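If you want the building blocks of each chain, they are given just below.
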Amino acid sequence: MAAENPPGDGRLVPDDFDDDHAAFLTVQRVAGADDGPLDGATVAVKDNISTADIRTTCGSAMLADYVPPYDATVVERLKTAGATVVGKTNMDEFGMGTTTETSAFGPTDNPTAPGRVPGGSSGGSAAAVAAGQVDYALGSDTGGSIRCPAAFCGVVGIKPTYGLVSRYGLVAYANSLEQIGPIARDVAGAAALLDAIAGPDEHDATTRHDTREDLDVDGHPADATSYADAAGGGIDGLSVGVVTDLVEGADEAVVERFEAALDDLRAAGATVHEVSLPSVETAVQAYYVIAMSEASSNLARFDGVRYGQSGGYDGDWNESFATAREAGFGEEVKRRVLLGTYALSAGYHDKYYRQAQDARAWLKQDFDEAFETADVLASPTMPVPPFELGESLDDPLRMYLADANTVPVNLANLPAISVPAGETDRGPAALQLIGPAFGEERLVRAGSALE
Amino acid sequence: MSDSESVDPEEVRHVAGLARVDLDEAEVERFADQFGDILSYFDALDEVPETDREADLANVFRADEVREGLTQAEALRNASDSEDGRFKGPRVG
């Protein structure tokens with residue numbers, strides 16, 4: 001049974017469990033099947049992924065005592081593959097943040113760059129992998145929440161193509177953008193974890209590719225695929241398109257590491273050329289309008305009746321719900337729910353939401369064109385090295401701009417991998433490789449060429 | 001891009017009401033300032049060309065057969081209060 005440590009902060013971590021960087025919110029081991037491809041492996045699970053009989057808080061005071069009655073599909077698949085779940089990791093509240101500092105349970109330190117943020121929102125998952133507490137971790141990526149912490153902590157993260165991995169049991173923030181994906185210390189490890197979690201699920205219609213008459217597929221893209229086997233496959237002749245729009249504004253030290261990684265790809269046989277995607281200019285705006293709008297709808301369910309912090313029984317239901325949500329939500333969550341409500345409200349829907357959908361379609365077109373001349377696209381994963389803890393909490397817009405390189409991938413439903421690209425004087429830098437839809441094998445092959 | 005002016009605090013209160021989130025005065029002030037910056041940043045979306053966005057949609061159905069779901073106890077166990085096997089909520093009006 002888990003014991004509180006340190007008492008009072010709401011974390012359920014036993015005293016004898018080494019968690020120097022405060023990566024975990026709850027430590028509770030669940031053994032998997034006796035054999036399987038992940039037999040003996042330990043996995044940490046982001047705390048917005050439902051675990052039966054293990055508290056799932058989403059980093060929010062609203063759900064501090066919420067214990068799901070069922071497992072997310074990915075957790076079931078981990079257990080079937082033989083993995084042991086070690087516990088649940090810290091995160092920005094409901095996935096809303098780039099630093100893991102919006103968690104109601106306090107921040108997580110970066111094991112690779114102490115005193116700096118681990119990135120977010122899956123910061124606890126990346127930190128647990130980087131510190132060697134677990135072999136693997138699951139994160140979720142709505143606008144970069146796997147790739148950013150992987151980059152900041154110097155580990156590998158994959159954001160799968162929309163529809164590759166089931167979202168059943170993932171507490172929704174922005175359904176049309178998010179995917180669950182793996183974090184590991186090397187590309188082969190991340191690929192092995194992806195093998196375990198990818199596949200169709202009757203509980204998530206977006207994984208049911210057999211129903212898509214417009215696609216020429218039998219079954220699911222992961223059915224006959226081994227992502228782990230793609231690692232080390234060689235990249236002779238691979239065509240890499242550098243997205244110049246995502247390099248120009250980046251920190252000089254990050255760009256230096258990025259250029260060095262491109263040299264490594266060239267040395268392994270790849271060719272590199274430049275591409276420009278004009279549509280990325282409005283990707284951050286489109287992302288935040290769409291994500292906030294979806295969040296305002298998704299988070300309406302937290303009214304303190306079926307689960308979550310109760311607003312009491314004194315007033316009518318509107319008053320009770322507003323009381324529950326004032327107490328249960330942190331500031332960033334309120335900000336996004338309010339802005340999303342605003343963007344969808346009468347008179348503003350066309351100006352914000354409809355134009356954001358246009359920007360999203362424009363991005364998809366740009367990516368389609370870029371993949372006519374490139375096998376994969378490359379950029380720095382994050383335009384900056386990890387922030388210092390506490391540095392940027394007061395300026396939400398500055399924080400949103402840090403997502404410039406990751407959000408285009410979610411808007412276009414594409415896969416991407418973040419691979420370490422060495423150290424700056426302020427912590428790790430990383431290379432992001434973007435693939436065409438269901439091009440994960442190619443990303444694994446290319447990413448592993450950098451190791 | 002328009003000048004980044006604060007949003008009217010009354011508008012923040014109105015939206016908070018729609019979203020069923022109580023705010024204290026300090027939050028209203030802070031959000032009014034920040035929303036001005038963020039919304040004027042969103043104005044760049046005005047420059048986006050109108051784009052064809054016909055999505056390919058397919059219905060996904062399953063057979064309409066009774067199957068096991070959560071038990072009543074499982075469904076109720078996270079509720080702050082329940083009565084006679086039902087969720088207990090605040091009064092409606």
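Residues numbered from 1 in each chain as written. Chains lettered and ligands numbered in written order. Predicted model: local features only at pLDDT ≥ 70, side-chain atom pairs only at ≥ 80, totals over all residues. Heavy atoms only, no water.

Notes on the overall build of chain A
What chain A contains, in helices and strands, is 13 helices and 11 strands. In summary, chain A has a C-alpha radius of gyration of 21 Å against a globular reference of 22 Å for 451 residues, a match within 12%. Taking all 451 residues of chain A together, 64% fall into the buried category. Considering only residue pairs separated by 6 or more positions, chain A has 73% of its internal contacts joining residues 24 or more positions apart. With the model as given, the accessible surface of chain A reaches about 14,800 Å², and the carbon-plus-sulfur share is 45%. Placing the 30 positive and 70 negative side-chain charges of chain A at their respective mean positions leaves the two points 3 Å apart. (Helix = DSSP H or I, 4+ residues; strand = E, 2+ residues; numbered from the N terminus. Rg over C-alpha atoms; globule rule 2.2 N^0.38 Å. Buried < 20%, exposed > 50% of the residue type's maximum accessible area, 1.4 Å probe, protein only. Contact = heavy atoms within 4.5 Å. Areas by Shrake-Rupley, 256 points an atom, 1.4 Å probe, with all protein chains shown as cover. Lys, Arg positive; Asp, Glu negative; His and termini not counted. Charge placed at Lys NZ, Arg CZ, Asp CG, Glu CD.)

A few points about the confidence of the model for chain B
Residues and elements named next belong to chain B. Taken as a whole, chain B shows an average pLDDT of 90; of its residues, 96% reach a score of 70 or greater. The spread of mean pLDDT over the elements of chain B runs between strand β1 (residues 82-83), the lowest at 94, and helix α1 (residues 9-18), the highest at 97. With pTM at 0.96, the complex prediction returns an ipTM value of 0.94. (pLDDT = per-residue confidence, 0-100.)

Things to note about the pairing of strand β2 (residues 42-46) of chain A
Residue and element names in this part refer to chain A. Most of β2 is tucked away, with five of its five residues classed as buried. Here β2 shows no split at all, with Thr-42, Ala-44 and Lys-46 on one side and Val-43 and Val-45 on the other all buried. Alignment of β2 against strand β3 (residues 84-89), held across five bridges, turns out to be parallel. Its bridge partner lying in β3, Lys-46 is registered against Thr-89. (Pairing = 2+ DSSP bridges.)

As for the environment of A:Glu441
Residue and element names in this part refer to chain A. Position of Glu-441 relative to the elements: it lies in helix α13 (residues 440-448). For Glu-441, a relative accessible area of 33% translates into the label partly exposed. Between the C-alpha atom of Glu-441 and that of Pro-111, which follows or precedes it by 330 residues, the distance is 29 Å. If we skip the residues at most four places from it in the chain, Glu-441 touches Thr-225, Ser-226, Tyr-227 and Ala-230.

Topic: the UniProt feature "active site" (unreviewed entry) in chain A
All names here are of chain A. Residues given the UniProt feature "active site" (unreviewed entry) here are Lys-46, Ser-121 and Ser-145. Separation in sequence by 100 residues is not matched in space for these annotated residues, since their most distant C-alpha atoms are only 10.8 Å apart. Of the annotated positions named here, the largest cavity is lined by Ser-145. Structurally, Ser-121 can be placed in the loop between β3 and α2 (123-130). The residues contacting Ser-121, other than those within four sequence positions of it, are Lys-46, Asn-90, Met-91, Asp-92, Gly-95, Met-96, Gly-97, Thr-100 and Ser-145. Mapping Ser-145 onto the fold places it in the loop between β4 (136-141) and α3 (147-153). Setting aside residues up to four positions removed in sequence, Ser-145 forms contacts with Lys-46, Gly-95, Gly-97, Gly-120, Ser-121, Ser-122 and Ser-140. (UniProt positions renumbered as here; feature names shortened; annotations may be inferred. 1 Å grid on protein atoms, 1.4 Å probe; cavity = no way out; pocket = protein on both sides within 12 Å on 5 of 7 lines; lining within 4 Å.)

Regarding helix α4 (residues 187-197) of chain A
Since the α-helix advances by 3.6 residues per turn, residues separated by three or four positions end up pointing in the same direction. Residue and element names in this part refer to chain A. Of all the 11 residues making up α4, eight are buried; the element is thus mostly covered by neighbouring parts of the structure. Listed in full, the buried residues belonging to α4 are Val-187, Gly-189, Ala-190, Ala-191, Leu-193, Leu-194, Ala-196 and Ile-197. Once α4 finishes, Gly-199 follows within two positions and takes phi at roughly 145 degrees, a positive value.

Here's the deal with the side chain of A:Ser448
All names here are of chain A. Relative to the helices and strands, Ser-448 resides in helix α13. Among the residues examined, Ser-448 registers a relative accessible area of 12% and is labelled buried. Engagement of the side chain of Ser-448 in a polar contact is seen with the backbone oxygen of Arg-445, the distance being 2.9 Å. The contacts of Ser-448, once residues within four sequence positions are left out, are Val-187, Ala-230, Ala-231, Gly-232 and Gly-233. (Polar contact = N/O pair within 3.5 Å; in protein donor to acceptor, adjacent residues only side chain to side chain.)

A closer look at the state of the cysteines
All names here are of chain A. Scanning all chains against the criterion turns up zero disulfides over all chains. Cysteine Cys-58 shares no disulfide, and the gap to the nearest cysteine sulfur, in Cys-148, comes to 18 Å. Here Cys-153 stays free of any disulfide, with the sulfur of Cys-148 as its closest cysteine sulfur at 8.6 Å. On the basis of relative accessible area, Cys-153 is assigned to the buried category, the value being 1%. (Disulfide = S-S within 2.5 Å.)

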